[in-house]
Structure formats: C-alpha cells, structure tokens
Amino acid sequence: MVHAQRCEINTGWNNAGLQGMAIGSNVGMAIGCVSIFPNFIAGCIVGAVVGTIAGAVIGIGVGNPNAQPAVEQFFATP
C-alpha cells in the first residue's frame, strides 16, 4: 500500500515537482524579503522555506493529479 502512494508522489515529482519547488522558492524569497522589511534577511529565509515547500507540493499535485488522492488514502488507512 505504501509503495503505491510513493509511486504516485514520485511520478508527480518527476513531472513537475522540481520546477514547482524552484519557482516557489524564488517567489517566496522575493515576497519574504519585501514583506518583512526591518528584518529582511530573516524574511528572505522564511519566505524561501515556505515557498519551497508550497511550490513542491503544488508541483507534485500538478505533475500527477493522482498524488493527492494517494496521500489522502495513506493518511485515512489505519
């Protein structure tokens, strides 16, 4: 069962996960640097981390529409 979910996530990562992660990282860093101006270095770091995670998740979902149901099934299965 776990192997099926891993295959779906791997397929999504191979199709669009890396590109989504790169775009999310750059956008998150740019927004973080601008939005937390007094301490912009911390904002850049936090924005880059959040953008990287969000971009990877979105990229995997776009790369393989079956990845999200596979993850939901993994967490719902006792």
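This section reports on the structure supplied with the text. Just so it is clear, the model here is predicted, and its values are computed rather than measured.

### Considerations on the packing of helix α1 (residues 2-35) against helix α2 (residues 40-63)
- Running from N to C, α1 and α2 point in directions that differ by 155°, and their axes come no closer than 5 Å. On the basis of their axis angle, the class for α1 and α2 is roughly antiparallel. The handedness of the crossing between α1 and α2 is right-handed.
- Residue composition of the contact of α1 with α2, grouped by class: eleven nonpolar, 15 polar and no charged.

### Regarding the packing of aromatic side chains
- Counted by the stated rule, this structure contains one aromatic pair.
- Relative to phenylalanine 75, the ring of phenylalanine 74 lies with its centre 5.3 Å away and its plane at 70°, an arrangement referred to as edge-to-face.
- The exposure class of phenylalanine 74 is partly exposed, given its relative accessible area of 39%.
- Phenylalanine 75 sits in the exposed class, given a relative accessible area of 67%.

Cut-offs and rules
- Residues numbered from 1 in each chain as written.
- Predicted model: local features only at pLDDT ≥ 70, side-chain atom pairs only at ≥ 80, totals over all residues.
- Heavy atoms only, no water.
- Axes fitted to C-alpha atoms, helices over the stretch in contact; angles between N-to-C directions.
- Helix = DSSP H or I, 4+ residues; strand = E, 2+ residues; numbered from the N terminus.
- Parallel < 35°, antiparallel > 145°, perpendicular 65-115°, else oblique.
- Left-handed = near helix turned anticlockwise from the far one by under 90°.
- Nonpolar A, V, L, I, M, F, W, Y, C, P; charged D, E, K, R; others polar.
- Phe/Tyr/Trp six-rings, centres within 6.5 Å; stacked < 30°, edge-to-face > 60°.
- Buried < 20%, exposed > 50% of the residue type's maximum accessible area, 1.4 Å probe, protein only.

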